[in-house]
Amino acid sequence: MVLTRASQRMIGRRLLQFIPVVFAVAFITFMLLNLAPGDPAELLAGEFPTEERIQEIREYYGFDRPVIVQFVDWFSSAMTGDLSNSLLSREPVFDIIASRFPYTLMMVTYAMIIAIAIGAPLGIAAAARPGSWVDSIATGISSFGVAVPYFWVGMVLVAVFALKYPIFPATGSVPFSEDPIGAIHAATLPAIALSMSGIAEITRQLRAAMIEVLSSPYVRTLRAKGLSRQAVLFRHGLRNVGITVITVITLVFNRKIGATVVLETVFAVPGVGSTLVHSAVNKDYVVVQGVILVIALVVVTVNLLADVLYAIIDPRVEAEA
Amino acid sequence: MSTPLLSVKDMRITFHVNGGRDQLHAVDGVSFDLASGESLGIIGESGSGKSTIARAVLSLLRITRGEITMEGKTIVTPQSPGKPGNYGVQIIFQDPHAALNPRSKIIRSLVEPLEIQGKGNASSRRDMALEMLAKVGINRALADRYPHELSGGQKQRINIARALLLRPKILVADEATAALDVSIQADILNLYKDLQDEFGLSFIVITHDLAVASYVSDRIAVMYLGRFVELGPSATLATKSAHPYTRALMSAEPEALPRRLQKQDRLVLRGEIPSPVTPPSGCRFRTRCPIATDLCAAEAPPWREMSPGHYSACHFAEEVMAGKPLDGSDKPQNLESVK
Amino acid sequence: MSVLTNEPPAVKKDRVPTKFGWLIRQPKAVLSVTFLTVLIVIAILAPWIMPYDPIAPNFGALLQPPMPGHWLGTDDLGRDVVSRLMAGAGPSLLSAFASVGLAVVLGVPFGLLAGFMGGWTDTIISRVLDAMLSFPTILFAVGIAGILGPSMTTGLVALGVLFAPQFARLVRARTLVVRRELFVDASRAFGASNLRIIMRHILPNAIQSAIVHAGLLLAIALLAESSLSFLGFGVQPPGTSWGAMLARAYAYMEVNPFLMFPPGIAILLTALSFNGLGETLRVLLDPQSPKA
Ligand SMILES: Nc1ncnc2c1ncn2[C@@H]1O[C@H](COP(=O)(O)OP(=O)(O)O)[C@@H](O)[C@H]1O
Ligand code: SF4
Ligand SMILES: [Mg+2]
């Protein structure tokens, strides 16, 4: 595909912004640990530290050096994939995250698919006939979806479809690479719970964007020329809401990756979310730091990709600031 | 001659445009004086730099070169920008609605200048504001309304009252009647004259409307692409203009002229005003001037005094003043051949 | 001054009655506001109107189903669920309001500053906002709670800090527009300081979108607080919140699944009402939207 000059410029500008944002993300994550009251070494040493243990940690992590030096050091190792070792298991943090991430990704992807599969037709149907009963249902579902506590939905689903009627397992998960069918089966309930706000958001935004396009003078002219409602809806409506689709999918992805923290705990999925909770409870700060950094970088990257897609679809889109 | 009230000397104002890559001299070497009680009109097409002069005189933007003095005292230089509001100059903007905060009641907008300058207390400020409203012909009952509840003419009177509350010596009106209906325009212009008598105000009336300028101004400056091209008493400019651009503006608006001149050459300005980022060499008007010659492209015409107080920047000022036809009928050379 | 004409006053619009009239004809708005008002009253009066002690265990009545006296049954320690719902309302609502309030207080000034100053100030603030918006809320809050020690305050401060960039962005965008308005120049011509211009002219014209967003964000904050408390990083025992109640219900799900419904539905209804409130504010504050 050949990109226009405007698209190239915008992609270039976004790439340039990417670097300081990554840097800022890393800095904020790094400073988290320094937020803690007192000596980080004492914190890291756990509940009942000995003086030697504290000293050992202090030297190992170099807490006696200036903060900036520590940050540069930490950042440069982090960028090479060295996120230091867990305080509990001594395993490299990178390996821990790498082994857990597939479960999280599987759950998020599954939930996204559900959200799009339900939200997109609902939003389009609602936009086709605003004010109809379909529209009322769509509006109702999207109000419910953003307001309902998704982890509570998860609990209800377990109570009904795992405990009362054992169709799905209540907890646990199966690696997708070993048993794809089993993995999907096990991930169904958490994915449904996770898809709640996504269904709502996709329905709502797609409906709004479609209505806007369909009421534009251009589309009204097409209708006046005798094109059928269906033809206009699918050929012109959908093509012109591309930007909205990317925006909402990015947004939903960003939210879901945060929501996995709770759902992985409810369903005992060994993903990064439950790892974070486990590490936070056990004061394994190095893992906490690593998980936050990695997830934030995933989000930053997804946002960058979305911006690149915007530029390809519609070069007129100017990045704000 | 006594010291002028306001004096602008060789002022240049530069904007950085196109992401800082280009320089735009919106005002490029403008000088003028304003006497006490005088009314100076500045006319010119949109984009010629009139508002930029107004903003500079108010210290709403920094000047790049030159200086502004008030009663002989230097108040603005490129190094030390002036302090708006404390040397006796106020401004009325073109859009009466946009100049009022939509979320403030009229009275709140009115007392703002007094608050800022620390004049009086809350109740005396309110009294001063209501008194001034009466002077500009606005019922005090409107003071507790919001701007959207008033008409354009009412809002412009309120803007005038607000500017007068600080008792300025000079009032700059930047196209202050352009957005109003013609009948209301006349009311506002008459209000200027009343205020001039009552407060001894001096005016700088900026407009692209020749009729407005000649109605209220003692002298008129004609501006083109950041420079003054002609300056002189209103009557002189109307009858004995020494610049083709002024003549062109006049013929575009014959109603503004004395009847005997109305049938003079109908000169229509061709083309667009060139970009101020890359102004033409020599005389800036030459790309649209019907009598331009090679000299005009090679050399910028000097600013010459044609008769006492009447200045022009044209190589052929004498001929133009003597009534040279501007349709190119006396000469084959015209715009197309100049390039 | 005979030349002066007194133009007839423009049509005076009575906006307030119109808006109010519109409001009471909106069932969603009325329901939301009524529900929230009742809830806030209950939360405040809880100590006096709770039928039972929400904290003291009663081992004689563990995990009772709904019955007269205990209309929603009892929990795993025999405590009356109605009383616990009332006790939990305060912390749940307070967390939502406080975190959103904190976000406004932190975010709005930065948005004003970035939008008003422009240049490098804006670039730096904007990049930091981008970075902060990249941290998923719950994830980051769990991290902070883990490091600072879990408590209701830690949780709501973490949420407030994370929500702040949303307000900063909204207000920045509006400020970029408002600062070019003519009334700002007018004020400057009278000698107004930057601070005065920001407080008197920019803020009142830039805050509306933030207010609307605050209404909608309350729902998200409530859900976020519930998640944190559910995970044990929010309100700590003996205090309670609806999220904490859900955590206990989760533990006893196989024995008494009913326990998850009262707090879950309380959260759902409250979040729905917050959204209704946000929608209402949007219509009231947006001159564009139809009110007839
Ligand atoms: N803030 C600014 N930044 C860049 N260019 C400007 C700015 N203000 C005015 N200009 C440019 O300066 C020139 C003169 O503008 P202005 O003084 O508004 O003209 P006028 O009031 O005569 O219509 C125009 O070319 C305009 O585009
Ligand atoms: S100097 Fe030349 S181009 Fe300029 S106005 Fe005079 S005749 Fe025209
Ligand atoms: Mg102008």
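Check the entry above for the structure.
Residues numbered from 1 in each chain as written. Chains lettered and ligands numbered in written order. Predicted model: local features only at pLDDT ≥ 70, side-chain atom pairs only at ≥ 80, totals over all residues. Heavy atoms only, no water.

Draft legend 1. View of the side chain of Glu-230 of chain B. Residues and elements named next belong to chain B. Summarising the element assignment, Glu-230 is placed in strand E10 (residues 227-233). The charged side chain of Glu-230 is buried without a salt bridge, its nearest counter-charge being Arg-247 at 8.8 Å. Within the structure, the side chain of Glu-230 is placed 2.6 Å from the backbone nitrogen of Ala-242, a separation counted as a polar contact. A polar contact of 2.6 Å, which involves the side chain of Glu-230, links it to the side chain of Thr-246. (Helix = DSSP H or I, 4+ residues; strand = E, 2+ residues; numbered from the N terminus. Buried < 20%, exposed > 50% of the residue type's maximum accessible area, 1.4 Å probe, protein only. Lys, Arg positive; Asp, Glu negative; His and termini not counted. Salt bridge = Lys/Arg side-chain N within 4 Å of Asp/Glu carboxyl O. Polar contact = N/O pair within 3.5 Å; in protein donor to acceptor, adjacent residues only side chain to side chain.)

Draft legend 2. Seen up close, the packing of aromatic side chains. Scanning all chains against the criterion turns up 19 aromatic pairs over all chains. Measuring from ring centre to ring centre gives 6.3 Å for Phe-71 of chain A and Trp-74 of chain A, while their planes differ by 35°; the resulting arrangement is tilted. With Phe-71 of chain A and Trp-74 of chain A both in helix H4 (residues 67-79), this residue pair falls three residues apart, about one helical turn. We note that Phe-71 of chain A, like Trp-74 of chain A, is buried. Ring plane angle 85° and centroid distance 5.8 Å describe the contact between Tyr-150 of chain A and Phe-151 of chain A, whose orientation is recorded as edge-to-face. Owing to a relative accessible area of 13%, Tyr-150 of chain A belongs among the buried residues under this scheme. Residue classification places Phe-151 of chain A among the buried residues on the basis of a relative accessible area of 0%. Aromatic ring contacts, followed pair by pair, group Phe-23, Phe-27, Phe-30, Phe-71, Trp-74 and Phe-75 of chain A into a single cluster. A cation sits over an aromatic face here: Lys-193 of chain B above Tyr-215 of chain B, 4.1 Å from the ring centre. (Phe/Tyr/Trp six-rings, centres within 6.5 Å; stacked < 30°, edge-to-face > 60°. Lys NZ or Arg CZ within 6 Å of the ring centre and 35° of its normal.)

Draft legend 3. Representation of the interface of chain A and chain C. Facing the 51 residues of chain A at the interface are 41 residues of chain C. Counting the surface lost from both chain A and chain C, the interface buries some 3,900 Å², and carbon and sulfur atoms represent 80% of this. Contact with chain C buries surface across chain A, with Phe-151, Trp-152 and Met-155 of chain A losing the most and accounting together for 15% of the total. Taken together, the connections running from chain A to chain C amount to zero salt bridges. At the junction of chain A with chain C, the criterion picks out two residue pairs in polar contact (both at pLDDT 80 or more). (Contact = heavy atoms within 4.5 Å. Buried area = accessible area lost by both parts, 1.4 Å probe.)

Draft legend 4. View of the site of ligand 1. Residue and element names in this part refer to chain B. Around ligand 1 sit 13 residues, and of these Gly-47, Gly-49, Lys-50, Ser-51 and Thr-52 come closest. Backbone polar atom of Gly-47 to an oxygen atom of ligand 1: 2.6 Å apart, as the coordinates give it. Measuring from an oxygen atom of ligand 1, one finds a side-chain N or O atom of Ser-51 at 2.7 Å. In the complex, 63% of the free accessible area of ligand 1, which totals 560 Å², lies under the protein chains. Secondary structure elements with two or more residues in the shell around ligand 1: strand E1 (6-17), strand E2 (22-34) and helix H1 (50-57). (Near = heavy atom within 4 Å. Areas by Shrake-Rupley, 256 points an atom, 1.4 Å probe, with all protein chains shown as cover.)

Draft legend 5. Expanded view of the packing of helix H2 (residues 27-49) of chain C against helix H3 (residues 81-117) of chain C. Residue and element names in this part refer to chain C. Contact pair H2 / H3: the axes reach a minimum separation of 8 Å and the direction vectors enclose 135°. With respect to H3, the element H2 is oriented oblique. Crossing angle aside, the handedness with which H2 passes H3 is left-handed. Contacts from Leu-39, Ile-40, Ile-42, Ala-43, Ala-46 and Ile-49 of H2 reach H3 at Met-86, Ala-89, Gly-90, Leu-93 and Phe-97. A per-class count over the contact of H2 with H3 returns ten nonpolar, one polar and no charged. (Axes fitted to C-alpha atoms, helices over the stretch in contact; angles between N-to-C directions. Parallel < 35°, antiparallel > 145°, perpendicular 65-115°, else oblique. Left-handed = near helix turned anticlockwise from the far one by under 90°. Nonpolar A, V, L, I, M, F, W, Y, C, P; charged D, E, K, R; others polar.)

Draft legend 6. Up close: helix H11 (residues 242-266) of chain A. Residues and elements named next belong to chain A. With 25 residues, H11 should reach 36 Å at 1.5 Å per residue; the first-to-last C-alpha distance of 35 Å fits that figure. Where H11 bends most, the angle comes to about 40°, and this point is Thr-260. Most of H11 is tucked away: 18 of the 25 residues are buried. Just downstream of H11 lies Ala-268, where phi reads positive at about 50°. (Expected span 1.5 Å × (residues − 1). Bend = angle between axes of the 7 residues up to and from the residue.)

Draft legend 7. View of the arrangement of the chains. The pair of protein chains exhibiting the most contacts, out of two pairs of chains in contact, is chains A and C. No part of chain A reaches chain B; the closest C-alpha pair between them is 13 Å apart.

Draft legend 8. Main features of the site of ligand 2. Residues in contact with ligand 2 amount to 13 residues; listed here are only the nearest, Cys-283, Cys-289, Cys-296, Cys-314 and His-315 of chain B. Of the residues assigned to the shell around ligand 2, the class counts are ten nonpolar, two polar and one charged.

Draft legend 9. Broad picture of the sheet that holds strand E7 (residues 170-174) of chain B. Residues and elements named next belong to chain B. The strand order E6-E7-E8-E3-E9-E10-E12-E11 describes an open sheet built from eight strands, whose pairing is mixed. The strands lining the two open edges of the sheet, one partner per strand, are strand E6 (89-92) and strand E11 (304-307). Across the sheet, the axes of successive neighbouring strands diverge by a mean angle of 20°, strand direction being ignored. Inspection of the sheet shows E10 paired to strand E12 (residues 310-312) by two bridges, in the antiparallel sense. Its bridge partner lying in E12, Glu-230 is registered against Ser-312. Those strands touched by helix H8 (residues 244-252) are strand E3 (39-43), strand E9 (219-224) and E10, and its axis lies near 105° from that of E9. (Pairing = 2+ DSSP bridges.)

Draft legend 10. Summary view of the interface of chain B and chain C. The partner chain C presents 29 residues to the 45 residues of chain B that form the contact. Note on chain B versus chain C: buried area summed over both sides is about 3,100 Å², and carbon and sulfur give 52% of it. At the boundary of chain B and chain C, one finds four salt bridges. Among the salt bridges present, the one from Arg-200 of chain C reaches Glu-115 of chain B, with a minimum N-O distance of 3.3 Å. At the boundary of chain B with chain C, the tally comes to 14 residue pairs in polar contact (both at pLDDT 80 or more). For the side of chain B that touches chain C, the secondary structure elements donating two or more residues are E6, helix H2 (106-116), helix H4 (152-164) and helix H5 (182-199) of chain B. The dominant element in the side of chain B that touches chain C, judged by the number of residues it contributes, is H5 of chain B, at six residues. Here the side of chain B that touches chain C is built from residues that sort into 19 nonpolar, twelve polar and 14 charged.

Draft legend 11. Seen up close, the pattern of salt bridges. Residues and elements named next belong to chain B. All told, the structure shown has 25 salt bridges over all chains when counted by the stated rule. Note that Asp-28 is salt-bridged to Arg-12, the shortest N-O span being 2.9 Å. Of this pair, Asp-28 sits in strand E2 while Arg-12 sits in strand E1, and the two are 16 residues apart along the sequence. On the accessibility criterion, Asp-28 (5% relative accessible area) is buried. Here Arg-12 falls in the partly exposed class, since its relative accessible area comes to 22%. Between Lys-169 and Glu-71 there is a salt bridge, with its nearest N and O atoms 3.6 Å apart. Of the two residues, Lys-169 sits in the loop between H4 and E7 while Glu-71 sits in the loop between strand E4 (65-70) and strand E5 (73-76), which places them 98 residues apart along the sequence. On the basis of relative accessible area, Glu-71 is assigned to the partly exposed category, the value being 47%. Here the salt bridges share partners, and the residues they tie into one network are Arg-12, Asp-28, Arg-227 and Arg-284.

Draft legend 12. Examining the packing of helix H5 (residues 93-128) of chain A against H11 of chain A more closely. Residue and element names in this part refer to chain A. Between H5 and H11, the least distance of the axes is 10 Å, while the angle of their chain directions is 130°. Taken as axis vectors, H5 and H11 run oblique relative to one another. The two elements H5 and H11 cross, and the hand of that crossing is right-handed. Here Thr-104, Met-107, Val-108, Ala-111, Met-112 and Ile-116 of H5 lie close against H11, whose contacting residues are Ile-249, Val-252, Phe-253, Lys-256, Ile-257, Thr-260, Leu-263 and Glu-264. Among the residues making up the contact of H5 with H11, the classes are represented as ten nonpolar, two polar and two charged.

Draft legend 13. Region of the structure containing the pairing of E11 of chain B. Residues and elements named next belong to chain B. Relative to E12, E11 is paired through three bridges, and the arrangement is antiparallel. The partner of Arg-304 across the bridge, within E12, is Ser-312. Hairpin connection between E11 and E12: a loop of two residues separates the two successive antiparallel strands, and Gly-309 in this loop has a positive phi of roughly 80°.

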